[in-house]
Amino acid sequence: MNTGDSVFVWISTLLVFLMIPGLAFFYAGLVRKKNILSVLMACFATLAIVSLQWVLFGYSLAFDPAEFIHGFLGGFHWVGLSGVLHTPFPGYSATIPHSSYMMFQMMFAVITPALIIGAVVERMKFSALCVFILAWSFLVYDPIAHWVWGMGGWLRQLGALDFAGGTVVHISAGISALAVVLILGKRKELATAHPCNLPMVVLGAGLLWLGWFGFNAGSALAMSDIAMQAFLTTHSAAAAATLSYLLLEWGFQKRPTILGAVTGAIAGLVAVTPAAGFVSIFAAIFVGAVASLVAYFMITVVKKKLGYDDALDVFGVHGMCGIWGALATGIFASTQINPGGAEGLLYGNLGLFKAQVIAVIVSVGYSFCVTFVLIKVIDAIMGIRVTEQEEYQGLDLSLHHEIAYKLD
Amino acid sequence: MKYIVAILRPHRLDGILEKIQEFGLVHFTLSNVMGHGLQKATEEVYRNVLDSKDMHEYVKLELAVNDVSLEPLVEILKTGFEGELDDGKIFVLELVSAISVRTGERDALVLG
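Residues numbered from 1 in each chain as written. Chains lettered and ligands numbered in written order. Predicted model: local features only at pLDDT ≥ 70, side-chain atom pairs only at ≥ 80, totals over all residues. Heavy atoms only, no water.

## Some words on the side chain of Asp-310 of chain A
Residues and elements named next belong to chain A. Checked against the element boundaries, Asp-310 lands in the loop between α10 (281-306) and α11 (314-332). Among buried charged residues, Asp-310 stands out as having no salt bridge; its nearest opposite-charge side chain is Lys-303, 5.9 Å away. Filtering out sequence-adjacent residues up to four positions away, Asp-310 remains in contact with Ala-119, Val-181, Lys-303, Phe-315 and Gly-316. (Helix = DSSP H or I, 4+ residues; strand = E, 2+ residues; numbered from the N terminus. Buried < 20%, exposed > 50% of the residue type's maximum accessible area, 1.4 Å probe, protein only. Lys, Arg positive; Asp, Glu negative; His and termini not counted. Salt bridge = Lys/Arg side-chain N within 4 Å of Asp/Glu carboxyl O. Contact = heavy atoms within 4.5 Å.)

Right, here's the structure in full:
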């Protein structure tokens with residue numbers, strides 16, 4: 001066990017934890033003031049539900065090498081963390097406590113379903129959301145995490161690369177978000193649903209950016225050159241994406257906005273996530289700049305054309321930029337940067353790119369189909385949408401009997 | 001007796017309130033209101049979604065005065081003029097009665 005690595009991963013775990021309240025404030029500021037608390041509540045409840053799910057079952061299903069379904073799902077030997085010790089488990093991380101690795105992974109398991117909340121805000125029943133988050137962790141997150149990161153996982157065997165969770169976190173959440181909103185439907189009063197508190201959005205985005213250093217650099221699982229590379233690429237991609245989004249707004253709308261700047265930053269952070277420890281700084285800048293183009297196109301053109309109500313653009317930003325990041329990893333990855341990775345398309349290797357395409361197609365297809373069926377089932381059993389009256393009144397008052405601001 | 005209702009731009013208010021008090025009038029009522037007029041709508045944009053607002057922020061100042069004070073006060077209120085569309089309006093109404101809640105005094109005795 002290495003103390004430096006252990007402390008590094010422990011601090012990274014705290015940073016990823018910070019992304020959850022960061023995300024909560026990011027989302028809450030983007031809804032109308034009558035729904036702020038319902039969004040904060042959804043994120044906070046997700047934190048509690050998935051944390052317990054992970055300790056009791058999730059970690060075992062995602063990471064137990066004695067697989068229950070070969071290549072598809074981990075086993076049950078680590079249920080309730082039995083056998084997850086404070087000594088290293090070399091199969092995943094040779095230099096830090098196994099328990100610390102489990103906690104680091106837990107934060108990823110929590111933030112992923114929390115991302116989906118952004119799509120369903122202002123109209124989904126809290127009870128149905130809680131059931132959905134729990135079931136989704138079992139049916140979508142745990143299997144995909146096993147495919148990509150688990151020992152024996154079939155995408156890992158295939159050679160697909162996902163440094164910090166582009167496929168597992170952002171594609172799965174983004175695509176699932178689309179599946180949910182297609183069934184959930186549009187909000188009433190859509191034309192007047194504007195953000196109530198942009199300073200809170202910027203604060204949330206700042207916390208996300210900070211937390212992302214733990215998310216990406218921490219995924220090296222050691223205080224190593226790879227961790228520092230991921231640190232630099234993460235920051236560079238976010239900066240490039242911020243500027244890129246501002247320039248797009250300036251060019252097409254004649255006015256740069258702070259909401260555009262933070263949207264771009266998140267898009268860049270999403271896209272660089274799978275690539276962070278595998279690519280050069282210049283590749284990261286390119287990945288970030290293009291991520292904003294993808295997000296801008298999804299938000300301004302595709303969403304308007306197709307008319308789905310992905311309220312806070314979870315599909316547009318996390319889903320699509322996650323896909324771009326996964327493909328970009330297949331293009332720009334270099335063994336000069338990370339000998340444990342592979343050569344991308346740019347270096348004349350088609351194999352990695354093929355594996356990335358397969359990983360994207362399968363995770364998109366799986367997330368969409370399973371989430372679609374799951375939400376249909378929950379809708380049939382308990383209903384997923386609040387009544388029209390509750391929606392007009394606002395979920396804060398109608399579901400939680402609280403209001404956010406008493407100031408006159 | 002007259003009742004003056006003045007709709008004014010909020011940022012011109014400070015100077016006007018001072019001048020009214022210098023003139024000697026101490027009782028008046030002020031409220032924040034939204035007004036609609038000829039001026040262009042303001043445009044907000046959030047992730048490329050336009051939020052166009054054609055109601056604008058104004059303040060409504062209400063004063064009850066004796067007939068002799070009317071013209072000097074209207075002159076003071078007109079200093080809120082900036083030469084832009086929808087600088088504001090001044091309405092003058094006939095006032096039937098004025099009663100002090102504390103003393104029960106009526107009309108000229110309670111007006112400035």
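## Comments concerning empty space enclosed by the protein
Residue and element names in this part refer to chain A. Evaluated as defined, the whole model comprises three cavities of 30 Å³ or more. Among the elements of the structure, α2 (36-63), α3 (98-120), α4 (126-149) and α14 (395-400) are those that each provide at least two residues to the lining of the largest cavity. The class makeup of the residues in the lining of the largest cavity is 10 nonpolar, two polar and two charged. Considered as a void within the structure, the second largest cavity measures approximately 40 Å³ in volume. Considering the residues around the second largest cavity, the lining is formed by Met-19, Leu-23, Ile-111, Leu-115, His-170, Leu-208, Trp-212, Ile-266 and His-318. Elements with a contribution of two residues or more to the lining of the second largest cavity: α1 (3-28), α3 and α7 (198-217). Its residues assigned to classes, the lining of the second largest cavity shows seven nonpolar, two polar and no charged. (1 Å grid on protein atoms, 1.4 Å probe; cavity = no way out; pocket = protein on both sides within 12 Å on 5 of 7 lines; lining within 4 Å. Points joined across faces, edges and corners; volume = space filled by probe spheres on them. Nonpolar A, V, L, I, M, F, W, Y, C, P; charged D, E, K, R; others polar.)

## Description of the state of the cysteines
All names here are of chain A. This model, assessed by the stated rule, comprises zero disulfides over all chains. Just so you know, Cys-130 is unpaired, no disulfide at all, and the nearest cysteine sulfur is the one on Cys-43, 12 Å from it. Between Cys-321, a free cysteine, and Cys-43, which holds the nearest cysteine sulfur, the sulfur-to-sulfur gap is 20 Å. (Disulfide = S-S within 2.5 Å.)

## Description of the environment of Leu-109 of chain B
Its place among the elements puts Leu-109 of chain B in the segment after β6 (88-94). Linking Leu-109 of chain B and Asn-66 of chain B, residues 43 residues apart in sequence, is a C-alpha distance of 9.6 Å.

## As for the pairing of strand β4 (residues 49-53) of chain B
All names here are of chain B. For strand β3 (residues 42-46) and β4, the ladder comprises five bridges, and the chain directions are antiparallel. Across the sheet, residue Val-45 finds its bridge partner in β4, namely Leu-50. Remark: two residues form the turn of the hairpin made by β3 and β4, two consecutive strands paired antiparallel; Arg-47 in that turn has positive phi of roughly 45°. (Pairing = 2+ DSSP bridges.)

## Some details on the layout of surface pockets
Residues and elements named next belong to chain A. In this structure, the largest pocket spans a volume of roughly 690 Å³. Sorting the residues of the lining of the largest pocket by element identifies α3 and α4 as the ones contributing at least two each. Top contributing element to the lining of the largest pocket by residue count: α3, with three residues. In terms of residue class, the lining of the largest pocket is built from 14 nonpolar, eight polar and two charged. As a volume, the second largest pocket reaches approximately 450 Å³. Considering each element in turn, the lining of the second largest pocket owes the most residues, three residues, to α10. Residues that form the lining of the second largest pocket fall into these classes: 12 nonpolar, two polar and nine charged.

## Looking at the pattern of salt bridges
Residues and elements named next belong to chain A. Throughout the structure, instances matching the rule amount to 17 salt bridges over all chains. Close ionic contact of Lys-34 with Glu-189 constitutes a salt bridge, the shortest N to O distance being 3.1 Å. Of this pair, Lys-34 sits in the loop between α1 and α2 while Glu-189 sits in the loop between α6 (166-184) and α7, and the two are 155 residues apart along the sequence. With relative accessibility at 34%, the residue Glu-189 sits in the partly exposed group.

## Concerning the nonpolar core
One finds Met-124 and Phe-132 of chain A to be the most contacted residues of the largest nonpolar core, which totals 136 residues. Broken down by element, this core gets its largest block of residues, 15 residues, from α3 of chain A. Leaving out residues up to four positions away in the same chain, Phe-132 of chain A has contacts with Ile-116, Met-124, Val-180, Thr-371, Leu-374, Ile-375 and Ile-378 of chain A. One finds Leu-8, Leu-61, Val-74 and Ile-76 of chain B within the second-largest nonpolar core, a separate group that totals 17 residues. (Core = buried A, V, L, I, M, F, W, Y, C linked by side-chain atoms within 4.5 Å.)

## Concerning the packing of helix α8 (residues 225-253) of chain A against α10 of chain A
All names here are of chain A. Contact geometry of α8 with α10 gives a least axis separation of 7 Å together with a crossing angle of 40°. It follows that α8 is oblique to α10 by the angle criterion. Considering the relative orientation of α8 and α10, their crossing is right-handed. Residue classes in the contact of α8 with α10 are distributed as 15 nonpolar, nine polar and one charged. (Axes fitted to C-alpha atoms, helices over the stretch in contact; angles between N-to-C directions. Parallel < 35°, antiparallel > 145°, perpendicular 65-115°, else oblique. Left-handed = near helix turned anticlockwise from the far one by under 90°.)

## Quick look at helix α1 (residues 13-23) of chain B
Residues and elements named next belong to chain B. Buried residues of α1: Leu-13, Ile-16, Leu-17 and Ile-20, and no others. In a view along the axis of α1, the buried residues occupy a sector of 100°, so they form one face of it. In α1, the exposed positions angled more than 90 degrees off the buried face are occupied by Asp-14, Glu-18 and Glu-22. Along its buried surface, α1 packs onto β1 (2-8), β2 (29-35), β5 (56-65) and α2 (70-77). One or two steps after α1, the chain reaches Gly-24, where phi turns positive at roughly 115°. (Arc of directions from axis to C-beta.)

## Overview of the sheet that holds β5 of chain B
Residue and element names in this part refer to chain B. Across the sheet, four strands lie side by side as β2-β5-β1-β6; this open sheet has antiparallel pairing. Bordering the open sheet on either side are β2 and β6, each of which pairs with just one other strand. For this sheet, the mean angle separating the axes of adjacent strands, direction not counted, is 20°. With seven bridges joining them, β2 and β5 adopt antiparallel strand pairing. In the strand pairing of β5, Val-33 is matched with Tyr-58. Along the sheet, α1 contacts β1, β2 and β5; its crossing angle with β5, the most-contacted strand, is approximately 5°. Of the strands in this sheet, β1, β5 and β6 are in contact with α2, which crosses β1 at around 5°.

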